[in-house]
Amino acid sequence: MTAAAEQASAWLRNFTEQRPSAPWARELKAAAFARFGETGFPTTHEEDWRFTNVAPIARTVFSAAAPAEADAAVLAPFAEGVRLVFVNGLFASAASEVPPGVFAGNLTEEAAAYLGRQAGLDAPFSALNTAFLADAAFVRINRGVVVEQPIHLVFLTTANGVAGPQAAHPRTLIVAGPDSQSTIVESYIGAGSYFTNAVTEIAAGPGAVVDHYKVQMESLESFHVGSVYAGLGRSANFTSTSISIGAALARNDVTVTLAEGSEAGLNGLYLANGSQHVDNHTTIDHAKPHGTSRELYKGVLDGKATAVFNGRILVRKDAQKTDSKQTNKNLVLSDDAVINTKPELQIFADDVRCTHGATIGQLDAEALFYLQSRGIGKRQARSLLTYAFAQDVADRVRPKPLRDWLERILIEKFHERPY
Amino acid sequence: MALLEIRDLHAQVGGRELLKGIDLTVNAGEVHAIMGPNGSGKSTLAQVLAGRELYAVTGGQVTYQGKDLLALSPEDRAREGIFLAFQYPIEIPGISNQYFLKAALNTVRKHRGLPEFDAMDFLDYIREKVDLMKMETALLNRPVNTGFSGGEKKRNEIFQMAVLEPTLAILDETDSGLDIDALKLVASGVNLLRGPQRSMIVVTHYQRLLDYIVPDYVHVLAEGRIVKSGGKELALELEKSGYAAFGIDEVEEAVGKA
Ligand SMILES: Nc1ncnc2c1ncn2[C@@H]1O[C@H](COP(=O)(O)OP(=O)(O)OP(=O)(O)O)[C@@H](O)[C@H]1O
Ligand SMILES: [Mg+2]
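Notes on the structure in this doc start here.

The rules we used
Residues numbered from 1 in each chain as written. Chains lettered and ligands numbered in written order. Predicted model: local features only at pLDDT ≥ 70, side-chain atom pairs only at ≥ 80, totals over all residues. Heavy atoms only, no water. Helix = DSSP H or I, 4+ residues; strand = E, 2+ residues; numbered from the N terminus. Rg over C-alpha atoms; globule rule 2.2 N^0.38 Å. Buried < 20%, exposed > 50% of the residue type's maximum accessible area, 1.4 Å probe, protein only. Contact = heavy atoms within 4.5 Å. Donors = N, O, S within 2.8 Å, 3.2 Å for Na, K, Ca; no water. Near = heavy atom within 4 Å. Polar contact = N/O pair within 3.5 Å; in protein donor to acceptor, adjacent residues only side chain to side chain. Areas by Shrake-Rupley, 256 points an atom, 1.4 Å probe, with all protein chains shown as cover. Nonpolar A, V, L, I, M, F, W, Y, C, P; charged D, E, K, R; others polar. Phe/Tyr/Trp six-rings, centres within 6.5 Å; stacked < 30°, edge-to-face > 60°. Buried area = accessible area lost by both parts, 1.4 Å probe. Salt bridge = Lys/Arg side-chain N within 4 Å of Asp/Glu carboxyl O. Axes fitted to C-alpha atoms, helices over the stretch in contact; angles between N-to-C directions. Parallel < 35°, antiparallel > 145°, perpendicular 65-115°, else oblique.

Within chain B, the secondary structure is distributed over ten helices and twelve strands. Taken against the 2.2 N^0.38 rule, which gives 18 Å for 258 residues, the C-alpha radius of gyration of chain B at 18 Å falls within 12% of a compact globule. Seen through its principal axes, chain B has C-alpha atoms that stretch 55 × 40 × 35 Å. Buried positions account for 53% of the 258 residues belonging to chain B.

This part takes up the overall build of chain A. Secondary structure assignment for chain A yields eight helices and 21 strands. Against the compact-globule benchmark of 22 Å for 419 residues, chain A has a radius of gyration of 21 Å, which places it among compact chains. Along the first, second and third principal axes, the C-alpha atoms of chain A reach 70 × 50 × 45 Å. Relative to its full complement of 419 residues, chain A shows a buried share of 57%. Excluding contacts between residues fewer than 6 apart, the proportion of contacts in chain A whose partners are at least 24 apart in sequence is 83%.

Residues and elements named next belong to chain B. S43 (OG) and Q87 (OE1) make up the full set of protein donors to the magnesium ion (ligand 2), lying at 2.0 to 2.1 Å. Of this pair, S43 sits in helix α1 (residues 42-50) while Q87 sits in the loop between β6 (82-85) and β7 (92-96), and the two are 44 residues apart along the sequence. Residue S43 is classed as partly exposed on the basis of its relative accessible area of 22%. Here Q87 falls in the buried class, since its relative accessible area comes to 13%.

We now examine the site of ligand 1. Residue and element names in this part refer to chain B. The local shell around ligand 1 holds 17 residues, among which G39, K42, S43, T44 and H205 are the closest. Within the side chain of N38, an N or O atom sits 2.9 Å from an oxygen atom of ligand 1. The contact in question runs from an oxygen atom of ligand 1 to an N or O atom on the side chain of Q87, over 3.0 Å. Out of a free accessible area of 640 Å², ligand 1 has 80% covered by protein chains. Of all the elements in the fold, those that place two or more residues in the shell around ligand 1 are β2 (16-26) and α1. At three residues, α1 tops the list of elements feeding residues into the shell around ligand 1. Of the residues that constitute the shell around ligand 1, the class distribution is five nonpolar, eight polar and four charged.

For the rest of this paragraph, the subject is the packing of aromatic side chains. Residue and element names in this part refer to chain A. With the rule as written, the count across this model stands at 21 aromatic pairs over all chains. Residues W11 and F132 carry aromatic rings whose centres are separated by 5.9 Å and whose planes lie at 65 degrees to one another, so their mutual orientation is edge-to-face. Of this pair, W11 sits in helix α1 (residues 3-16) while F132 sits in the loop between α5 (124-131) and β5 (137-141), and the two are 121 residues apart along the sequence. For W11, a relative accessible area of 5% gives the class buried. Geometrically, the ring pair formed by F15 and F132 is edge-to-face, given 6.1 Å between the ring centres and 85 degrees between the ring planes. On the criterion of sequence distance, the pair formed by F15 in helix α1 and F132 in the loop between α5 and β5 is long-range, its members being 117 residues apart.

On the side of chain A, 22 residues touch chain B, which itself brings 34 residues to the contact. Between chain B and chain A lies a buried interface of about 2,200 Å² when both sides are counted; carbon and sulfur atoms form 64% of it. Remark: the boundary between chain B and chain A carries one salt bridge. With a shortest N-O distance of 2.7 Å, E157 of chain B and R374 of chain A are connected by a salt bridge. Counting across the interface, chain B meets chain A through ten residue pairs in polar contact (both at pLDDT 80 or more). Among the elements that line the side of chain B that touches chain A, the one with the most residues is helix α3 (residues 97-111) of chain B, at six residues. Its residues placed into classes, the side of chain B that touches chain A shows 21 nonpolar, eight polar and five charged.

Residue and element names in this part refer to chain B. Position of N156 among the secondary structure elements: in helix α6 (residues 150-164). Overall, the relative accessible area of 0% leaves N156 in the buried class. Excluding residues within four positions of it along the chain, N156 makes contact with N97, M135, N145 and F148.

Residues and elements named next belong to chain A. Here H286 lies in strand β16 (residues 277-286). On the basis of relative accessibility, which here comes to 0%, the residue H286 falls in the buried class. Residues contacting H286, with those up to four places away along its chain left out, are L258, G291, T292, S293, I313, L314, V315, R316, A319, T322, D323 and S324.

A few words now on the environment of F86 of chain B. Within the secondary structure, F86 of chain B sits in the loop between β6 and β7. A residue is classified by how much of its surface remains accessible, and F86 of chain B, at 4% relative accessible area, is buried. Between the C-alpha atom of F86 of chain B and that of L171 of chain B, which follows or precedes it by 85 residues, the distance is 6.9 Å. Apart from residues no more than four positions distant in its own chain, F86 of chain B is found in contact with F369, Y370, S373 and R374 of chain A together with Q47, K154, E157 and D172 of chain B.

Residues and elements named next belong to chain A. One can describe the packing of α1 onto helix α2 (residues 23-39) by two numbers: an axis separation of 12 Å at closest approach and a directional angle of 180 degrees. By the criterion of interaxial angle, the relationship of α1 to α2 is roughly antiparallel. Judged by residue contacts, W11, L12 and F15 of α1 engage K29, A30 and F33 from α2. By residue class, the composition of the contact of α1 with α2 is five nonpolar, no polar and one charged.

So this is what it looks like as structure tokens:
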């Protein structure tokens, strides 16, 4: 058997050996697997994957994720508030009481009406995720309900005795009712060598406010591919913050579709060192008039890290009075790190305001000298300035525990805290 | 022994010689004013003394407290007591003024074998200097110089100087852009630091500052050389008759700078 055939048969085996799925999910999963069979893993010949070679994922034979216990110590930082824990993609625990008007738990049949609506099956990794749909985080906020505390979804991947790398396919579905307000935090963590293939779908009803965070802190030996798809209703307000720190290879997609008068804020921070590769692809689809989008992605690259930022903004013919602003800033700390940044503006309406800008820079020599001239050592000065660069994205994190936690992570990463 | 001894100092940037043989001796407790037309090399000299790598030193020596100053990193010069108040203080978004200053003070204290300050000690220590420089708390909490007015930036430089208590302070046009009240504040901050062990090099275009900070010596720098030195009266003469009276061509250098 050729290597490719062996891998294909491994995926097929994993697919057929899944535990039986709920009847309502069977058709969707079969269609998804068939779709994945047609496309296979993307190659660098495809525009969307030009700078991210997933061959290391494609050529690895992964075993199906097995249930495992979550180590309490690993989960400790996520203890506050409503929390759902998934281990290897499988539902493990719900830690606390859910406020009235909110459902937060494992997938139920009720979700069938929403599942796959945002994600579709065209993206190979999303199709693969759907083919392996089993448990999933399902959060529903009823009309008008305001949830004060963040709802935390923790996705942990751990070998726990299983030999060889596993593939986990975490799935999240968030249905935010009209005029509801909520904050959702997804954290991806793990140990060892594995593949996380995550899909999140968010349906924000008219007037809903959804503040979504994705914190990718996977093991440095892992692969992480994750897509967030959000569909916004009229005047809905959606903020996505994507923090990407872990994984040997990470690909984070955020796709948002706006309706009339809706607002989208996309924030991102990616830190890569050593031989890490991180790719952020965002798509903001202004489908209707009077939509506003603000995007700020910042990256810090060191060592031989490589990074990609591709920010697609689509303004459809109907979407007059669109107001869109995209910014991508990169701080490159070493000579060997590489960033590919590309705005992709496709504008079919004529009465719009769209701006974009990308920068790639080193630490400012003058600022460095200023700090040194006050007695601060060069190393400390560099880490201070690096932290300072990332600071404004960290500042936008609204839940205080998460912001504090992120600051701690940044301090560990950069050794210094300038506040 | 002189505190600072500069001998035949040459420096260049991109192949262009900016300092063409500077000689200057500063003894403990002295205040030296350096004047000179735009583009004559005053800031270059100040930055070279503080260790800015941008400027390549191509000749000469600088001895500070008996040590080879040019061999020290910028941070070690600061720790050894050299302070440069920048002509154009840098804005550093994302680092609070207060954090920055505490980090600076602690590295300097550590170098001097003193215990580091925690947040409380630090606030106690700076209180008097905050009052002296009339620094509003808001300025302390804001990112370093970011969005500060020109005058606030200059005041912040002198505030930093007051906190770090240097042995040799180099003030590069700290008076430019200050209103008269701010000028008095800056001067009192400087004068507070004056003492038999402390020395200053004050770069300025105006006699006005020297009314408050009375120098022991005045030097005129032109085209990378000190072309005239004298007592405090020299500044007054310059003010009255301009550099042209000394045969120094101002226009060409000013154009060269633009
Ligand atoms: N980084 C640099 N690259 C090229 N030329 C420089 C650089 N820094 C300074 N110069 C040039 O060196 C000369 C001296 O500059 P310097 O800033 O030392 O003048 P100055 O005496 O401080 O002037 P001013 O009174 O305007 O502050 C000027 O002609 C200036 O343009
Ligand atoms: Mg100058």
